[in-house]
Amino acid sequence: MAADTPSTDAASVSGMGCGEFRRFADFVPLMMWRADTQGAAVHHNETWLAFTGRSPEEESGHGWRRGLHPDDLERHAAIVAEAFAAQEPFTSEFRLRRHDGAYRWLLDTAKPLRENGDFVGFLGTCFDITDRKHAEEHSERALVEKEALLAEVYHRVRNNLQVMVSLIGLYGRAAPTPCRGSFEALGQRVRAIALVQQHLHEAPHIASIDLRDYLHRLASGLGQLRRAGRIGVTVGGSGTSLVEPRTANALGMIVAEVVSECLDTTAETVACAIDIRIDARAGGPVRLTIVSGAGEGAAPGKLEVPNLGPRLIAAYASQAEIAVRGIGTMDQPLELQLPEVLVPPPA
């Protein structure tokens, strides 16, 4: 449909005569069109004409394009010209003016016609996809609004956590000497919470978070949060998985707690190592194994704090329905099995 020059219709479509084709096309309850080898429209069926409210003569040749939305005209013409030149099928979406003046989105699908091996034009059908397009636009707007809301929530959470860290520091400095270690450990854990929230917020797709990428980024941040240069977190294993925010948040808090426990129970001069292994084989549940360098016989740390790690880890796991066992040592690795939740891939 790229020229105004009129042309005669092809003799047959898959053995169907011209008159038979037109009767068939007019009977079909969907919009159909036919074009010659130069791209000029030679036929629009009754459903098409009822949609546009125009006569066959007005729609013939290039006339039908007068109903195209101005913003779609150039793009559609380029798609059609390329398809006709290559004599290959094409699909296009455009807005066409209906008989009542409203523009409706159509999905146009066309195939080349051949008679005795010779190219004789194109045959196409159109479906009204306006409702789908409006739903897509609504989803896009909702996504933008959601991202803006998440950004605002994260901003407020971050500010509140910073205030909490400051308050904990003030109370810790004013507390009796034996209690200061607990205040320091508490402040470090709040900083870890803030770091987990930051990496959740920075995930490319908040609805489905890439587990390996997330843990790599979080581990790097945790390694610098406290005792920089003397703590290393590695993430290995096989495969990866997409997890929902609730699961990612719980895993982040568990890893942060393992790191904190390692630091609390070893001296400042001890290099602390955390090894995370992911087992995400197809068809099975996702499992993580975590081993901490703070095992039996480790030099005691300077902080005299209660050993709440196992209880906190159990609480975080319970919130996200993560099965947990072990304590994170070489003899008893911390083993986590994630809930089998189907997460749709990112758009």
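These figures come from a predicted structure and were not determined experimentally.

## Looking at helix α4 (residues 70-86)
Under the 1.5 Å per step criterion, the end-to-end length of α4 is 26 Å for 17 residues, consistent within 8% with the ideal 24 Å. Every buried residue of α4 is accounted for by D72, H76, V80, A83 and F84. Tucked into the core, α4 has its buried residues touching β3 (31-35), β5 (90-97), β6 (103-115) and β7 (118-128). After α4 finishes, the residue Q87 shows a positive phi value of roughly 55 degrees.

## Some remarks on the pattern of salt bridges
Within this structure, the stated rule accounts for 15 salt bridges. Across the pair R189 and E257 runs a salt bridge, and its minimum N-O distance is 2.8 Å. Remark: E257 occurs in helix α8 (residues 245-264) and R189 occurs in helix α6 (residues 177-201); sequence separation between them is 68 residues. Take R189: its relative accessible area is 16%, and that puts it in the buried class. Here R246 ties to E244 by a salt bridge, and the two come within 3.7 Å at their closest N and O atoms. The exposure class assigned to R246 is partly exposed, which follows from its relative accessible area of 38%. When salt bridges that share partners are traced, they join E93, R132, K133 and E136 into one network.

## Digging into the sheet that holds β5
Whenever strands of a sheet pair, they do so through backbone hydrogen bonds, lying parallel or antiparallel. Taken in spatial order, the five strands make up an open sheet running β4-β3-β7-β6-β5, and their pairing is antiparallel. Both outer strands of the open sheet, β4 (41-44) and β5, are each paired with one neighbouring strand and no more. Pairs of neighbouring strands in the sheet enclose a mean axial angle of 30 degrees, with direction left out of account. Pairing analysis gives three bridges linking β3 to β4, with the strands arranged antiparallel. Within β4, the position partnered with R34 by the bridge is H43. Lying on the sheet, α4 is in contact with β3, β5, β6 and β7; it crosses β5 at an angle near 150 degrees. Together, β5, β6 and β7 form the strand contacts of helix α5 (residues 130-174), whose direction differs from that of β6 by roughly 125 degrees.

## A short note on the environment of L251
Its place among the elements puts L251 in helix α8. On a C-alpha basis, the gap between L251 and Y316 in space is 7.8 Å, while along the polypeptide they are 65 residues apart. Apart from the residues within four sequence positions on either side, L251 is in contact with L211, L288, I322, L336 and L338.

## With respect to the nonpolar core
Counting residues in hydrophobic clusters, the biggest one holds 43 residues, and the most contacted among them are L211, L215, I276 and L288. Taken together, the elements giving at least two residues each to this core come down to α6, α7 (211-225), β9 (231-238), α8, β11 (272-279), β12 (287-292), α9 (309-319) and β14 (334-337). At eleven residues, the largest contribution of residues to this core is made by α8. The residues contacting L215, other than those within four sequence positions of it, are V235, V255, I276, I278 and L288.

Procedures and definitions
Residue positions are counted from 1 within each chain, in the order its sequence is given. In keeping with the predicted nature of the model, local features appear solely for residues at pLDDT of at least 70, side-chain atom pairs appear and are counted solely at 80 or more, and the whole-chain, interface and lining totals rest on all residues. Side-chain calculation: all heavy atoms of the structure are included, whereas hydrogens and water are not. Numbering of helices and strands starts at the N terminus; helices are DSSP runs of H or I of at least 4 residues and strands are runs of E of at least 2. Expected span, for any helix, means 1.5 Å times one less than how many residues it has. Type-normalised accessible area, obtained with a 1.4 Å probe on protein chains alone, sets the label of each residue: buried when under 20%, exposed when over 50%, and partly exposed for intermediate values. Should any heavy atoms of two residues lie within 4.5 Å, those residues are considered in contact. Here, a salt bridge means any side-chain nitrogen of Lys or Arg that lies within 4 Å of a carboxyl oxygen of Asp or Glu. Only when DSSP finds a minimum of two bridges between them are two strands counted as paired. Only C-alpha atoms enter the line fits that serve as axes; for helices the fit covers just the stretch in contact. Angles between N-to-C directions range over 0 to 180 degrees. The nonpolar core is taken to be a set of buried Ala, Val, Leu, Ile, Met, Phe, Trp, Tyr and Cys residues, with the residues joined through side-chain atoms within 4.5 Å.

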